[in-house]
Amino acid sequence: SHCYGRMSKSIMPFMMAIHIGSRPIWLVRAGSGEVDSERAGETDQFQLLSHLSSGGQSFARSLAAFIEERSQRYWREAGKEREPASVLTSTMPRAVESVRHMTDDHEQTAALNPIDK
């Protein structure tokens, strides 16, 4: 309900299609990646394929703790039995690595890949 800017045109139709029922949804960028020194001068496309840096790994662990705490709070306050979290991620290696501390059960979808325009 509080979505602004040009990305809302891309994200909102996707969100409306997957958001059936009442539950929290968090949109999160992938953790920071390592820059491959052999490809440092090449296009940003190669940086999208990088793996998480140590800071990115720390972010992934913190993200998992945040989601766990907030999910528990949501289901407790809703007075409902806790449901398993559904995790969708882009196909970028950094994005997949960013969610591995949350669950091994995640779905990769190209719909969440960065848009090059």
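You'll find the structure just up there.
Here's what I pulled together on the structure shown here. The structure presented is a predicted model; accordingly, all values stated were derived computationally and were not measured.

**A short note on the overall build of the protein chain**
- Across its full length, the protein chain carries four helices and two strands.
- When the helices and strands of the protein chain are listed from N to C terminus, the series reads α-α-α-β-α-β.
- For the protein chain, the share of sequence-separated contacts (at least 6 apart) that also reach a separation of at least 24 residues comes to 51%.

**Some remarks on the side chain of S90**
- Take S90: it is sitting in the loop between β1 (87–89) and α4 (93–99).
- Sequence-distant contacts of S90, that is, excluding residues within four places in its chain, are made with A95, V96, Q108, T109, L112 and N113.

**Points about the packing of aromatic side chains**
- Within this structure, the stated rule accounts for two aromatic pairs.
- Ring geometry for Y74 against W75: centres 4.9 Å apart, planes inclined by 80 degrees, an arrangement best described as edge-to-face.
- Taking the relative accessible area as the measure of exposure, Y74 reaches 21% and is therefore partly exposed.
- We classify W75 as buried; its relative accessible area is 8%.

**Remarks on helix α3 (residues 54–78)**
- In a regular helix each residue adds 1.5 Å, so 25 residues correspond to 36 Å; α3 covers 36 Å between its end C-alpha atoms and thus fits that length.
- G56, A60, L63, A64, I67, S71 and W75 are the residues of α3 that are buried.
- Residues of α3 that are buried make contact with α4.
- With its phi angle positive at about 70 degrees, G79 sits one or two positions after the end of α3.

**As for the pattern of salt bridges**
- On inspection of all chains with the given rule, the structure shows three salt bridges.
- The salt bridge partner of R70 is E69, with a shortest N-O separation of 3.5 Å.
- With its nearest N and O atoms 2.7 Å apart, the salt bridge here joins E69 to R73. Within this pair, E69 and its partner R73 are both found in helix α3, separated by four residues, close to a single helical turn.
- Residue E69 is classed as partly exposed on the basis of its relative accessible area, which comes to 36%.
- Under the relative-accessibility criterion, R73 is labelled partly exposed at 31%.
- It is possible to trace a salt-bridge network through shared partners that takes in E69, R70 and R73.

Cut-offs used in this document
Residues numbered from 1 in each chain as written. Predicted model: local features only at pLDDT ≥ 70, side-chain atom pairs only at ≥ 80, totals over all residues. Heavy atoms only, no water. Helix = DSSP H or I, 4+ residues; strand = E, 2+ residues; numbered from the N terminus. Contact = heavy atoms within 4.5 Å. Phe/Tyr/Trp six-rings, centres within 6.5 Å; stacked < 30°, edge-to-face > 60°. Buried < 20%, exposed > 50% of the residue type's maximum accessible area, 1.4 Å probe, protein only. Expected span 1.5 Å × (residues − 1). Salt bridge = Lys/Arg side-chain N within 4 Å of Asp/Glu carboxyl O.

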